[in-house]
Amino acid sequence: MTETVLAVLNQPSRDAAPHDPEADAFTWAKPLEEHIQVQDLGITRGDGVFETITVVDGHPQALEPHLARFARSAAMLDLPEPDTDAWRQAIEAVCARLDPVREAFVKTVLTRGVEGTDRPTGWVYGAPSPDSTAARTEGISVVTLDRGYRHDVERTSPWLLQGAKTLSYGVNMAALREAVRRGADDAVFVSTDGYVLEGTRANLILSVGGRLVTPRTDIGILAGTTQADVFRFAEAAGIETAYELVTLDDFHAADAAWLVSSVRQAAPIRSVNGTPWTVDAELTTRINDFLLAREV
């Protein structure tokens with residue numbers, strides 16, 4: 001079995017000089033040994049950001065969009081700006097060290113570090129991906145859950161950090177467990193004023209009258225790298241795409257729907273709140289073939 005590969009970033013303090021390109025960007029580490037101090041704010045408060053990047057045949061997919069989102073999330077949390085070159089170097093090195101597998105993933109993590117040190121903590125690790133064949137071919141069942149915020153929360157309450165990919169995933173995991181308790185595979189969040197948002201770990205895409213539609217990214221949801229690439233596929237195939245406000249009625253009236261994410265790719269929704277939905281198997285196959293063949 002392929003082991004997890006771990007690289008710990010050599011992070012400077014906030015006031016340190018710019019990164020020396022001749023210096024080592026990271027240090028190799030053994031995943032099962034101690035690396036993170038228990039006082040690290042990423043652990044004690046979830047004060048940090050992360051990205052998960054799909055690796056296909058050793059190639060990290062959508063690397064630049066992931067790095068750009070990583071930096072945006074860090075800025076939203078007032079974290080030091082990630083040294084993009086150093087992180088890219090570590091990601092590519094981890095990919096190169098993974099044993100040859102068809103699908104793997106690399107995760108980047110940046111935290112505020114140990115309180116009082118003014119030195120962030122950063123690491124990159126990679127491992128084989130779980131088998132997502134069933135989700136991609138048979139589809140997934142979902143339930144809708146109230147997120148507890150209005151759809152305009154990102155504008156009215158930016159301190160809630162909606163739209164940042166933070167380490168604070170306690171609510172997402174609680175929603176996923178609630179979905180399982182209700183007999184489903186995943187959940188789709190809905191705002192208190194009735195707009196459909198996103199999944200617990202994925203973006204939502206709908207097929208509506210021959211168009212592909214996703215909820216707007218200015219309503220407190222994470223702008224998806226995989227969703228953006230699905231739209232790139234659609235535009236090349238002559239399929240119209242749109243970012244819109246999507247109500248629950250719009251969701252239920254859709255011709256088909258998918259939850260899309262970096263590791264699982266496009267998982268068609270086969271039921272919502274126990275009601276069977278139509279799965280567009282042909283379009284799903286085309287989307288996933290495109291995603292797994294990405295070079296950028």
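Small disclaimer: the values here were computed from a predicted structure and weren't measured.

A. How the structure looks around the overall build of the protein chain. Helix and strand content of the protein chain: nine helices and 15 strands. Against the 2.2 N^0.38 benchmark of 19 Å for 296 residues, the protein chain shows a C-alpha radius of gyration of 19 Å, consistent with a compact globule. Principal-axis analysis of the C-alpha atoms places the extent of the protein chain at approximately 55 × 45 × 35 Å. For the protein chain, with 296 residues in total, the buried portion stands at 51%. Here the analysis covers contacts within the protein chain between residues at least 6 apart in sequence; of these, 70% occur between residues at least 24 apart.

B. Highlighting the nonpolar core. One finds V49, W87, I91, V106, L110 and V124 to be the most contacted residues of the largest nonpolar core, which totals 27 residues. Those elements giving two or more residues to this core turn out to be β1 (5-9), β3 (48-56), α2 (63-76), α3 (84-97) and β5 (103-111). The element that contributes the greatest number of residues to this core is α3, accounting for seven residues. If sequence neighbours within four positions are ignored, V49 has contacts with F70, S73, A74, L77, L79, T108, V109, L110, K165, T166 and L167.

C. Region of the structure containing the packing of aromatic side chains. Applying the stated criterion across every chain, the model contains six aromatic pairs. Arranged with centres 5.6 Å apart and planes meeting at 50 degrees, the rings of F233 and F290 form a pair that is tilted. Taken together, the positions of F233 in helix α7 (residues 225-236) and F290 in helix α9 (residues 281-292) put the pair 57 residues apart, joining distant regions of the chain. Residue classification places F233 among the buried residues on the basis of a relative accessible area of 8%. Look at F290 and you get partly exposed, because its relative accessible area is 24%. Above the plane of the ring of F189 lies R147, whose end atom (NZ or CZ) is 4.7 Å from the centre.

D. Fine view of the sheet that holds β1. Taken together, six strands build an open sheet; the order of strands is β2-β1-β6-β5-β3-β4 and the sheet is antiparallel. For this open sheet the edge positions go to β2 (26-29) and β4 (59-60), each flanked by a neighbour on one side alone. Sheet analysis places β3 next to β4, joined by two bridges and oriented antiparallel. From the neighbouring strand, V56 faces β4, where its bridge partner is H59. Strands β3, β4 and β5 of the sheet are contacted by α2, whose axis makes an angle of about 175 degrees with β3. In the packing of α3 onto the sheet, contacts are made with β1, β2, β3, β4, β5 and β6 (121-128), and the angle to β6 comes to roughly 25 degrees.

E. Here's a closer look at the environment of T275. Among the structural elements, T275 can be located in strand β15 (residues 275-276). Classification of T275 as partly exposed rests on a relative accessible area of 45%. Sequence-wise, T275 and L6 are 269 residues apart; in three dimensions their C-alpha atoms are separated by 43 Å.

F. Representation of the packing of α2 against α3 in the model. Axis separation between α2 and α3 bottoms out at 11 Å; the angle between their running directions is 130 degrees. Relative to α3, α2 is oriented oblique. In this structure, α2 meets α3 at a crossing whose hand is right-handed. Here L63, E64, L67 and F70 of α2 come into contact with α3, specifically with T84, W87, R88, I91 and E92. Residue composition of the contact of α2 with α3, by class: five nonpolar, one polar and three charged.

G. The pattern of salt bridges, seen in detail. A full pass over the atoms with the stated rule returns 21 salt bridges. The closest approach of N and O atoms between R69 and E51, which form a salt bridge, is 2.8 Å. One end of the pair, R69, is in helix α2; the other, E51, is in strand β3, with 18 residues separating them in the sequence. Assigned by exposure class, R69 and E51 land together as buried. Two residues, R201 and D186, come together in a salt bridge whose shortest N-O distance is 3.9 Å. Pair noted here: R201 is in the loop between β9 (196-199) and β10 (203-208) and D186 is in strand β8 (residues 186-190), with a separation of 15 residues, a long-range link. Look at R201 and you get partly exposed, because its relative accessible area is 41%. Each of the salt bridges in this network shares a partner with another, and the network as a whole consists of R150, D152, R155 and D193.

About the cut-offs
- Residues numbered from 1 in each chain as written.
- Predicted model: local features only at pLDDT ≥ 70, side-chain atom pairs only at ≥ 80, totals over all residues.
- Heavy atoms only, no water.
- Helix = DSSP H or I, 4+ residues; strand = E, 2+ residues; numbered from the N terminus.
- Rg over C-alpha atoms; globule rule 2.2 N^0.38 Å.
- Buried < 20%, exposed > 50% of the residue type's maximum accessible area, 1.4 Å probe, protein only.
- Contact = heavy atoms within 4.5 Å.
- Core = buried A, V, L, I, M, F, W, Y, C linked by side-chain atoms within 4.5 Å.
- Phe/Tyr/Trp six-rings, centres within 6.5 Å; stacked < 30°, edge-to-face > 60°.
- Lys NZ or Arg CZ within 6 Å of the ring centre and 35° of its normal.
- Pairing = 2+ DSSP bridges.
- Axes fitted to C-alpha atoms, helices over the stretch in contact; angles between N-to-C directions.
- Parallel < 35°, antiparallel > 145°, perpendicular 65-115°, else oblique.
- Left-handed = near helix turned anticlockwise from the far one by under 90°.
- Nonpolar A, V, L, I, M, F, W, Y, C, P; charged D, E, K, R; others polar.
- Salt bridge = Lys/Arg side-chain N within 4 Å of Asp/Glu carboxyl O.

Scope: geometric values only; no functional claims are made or implied.
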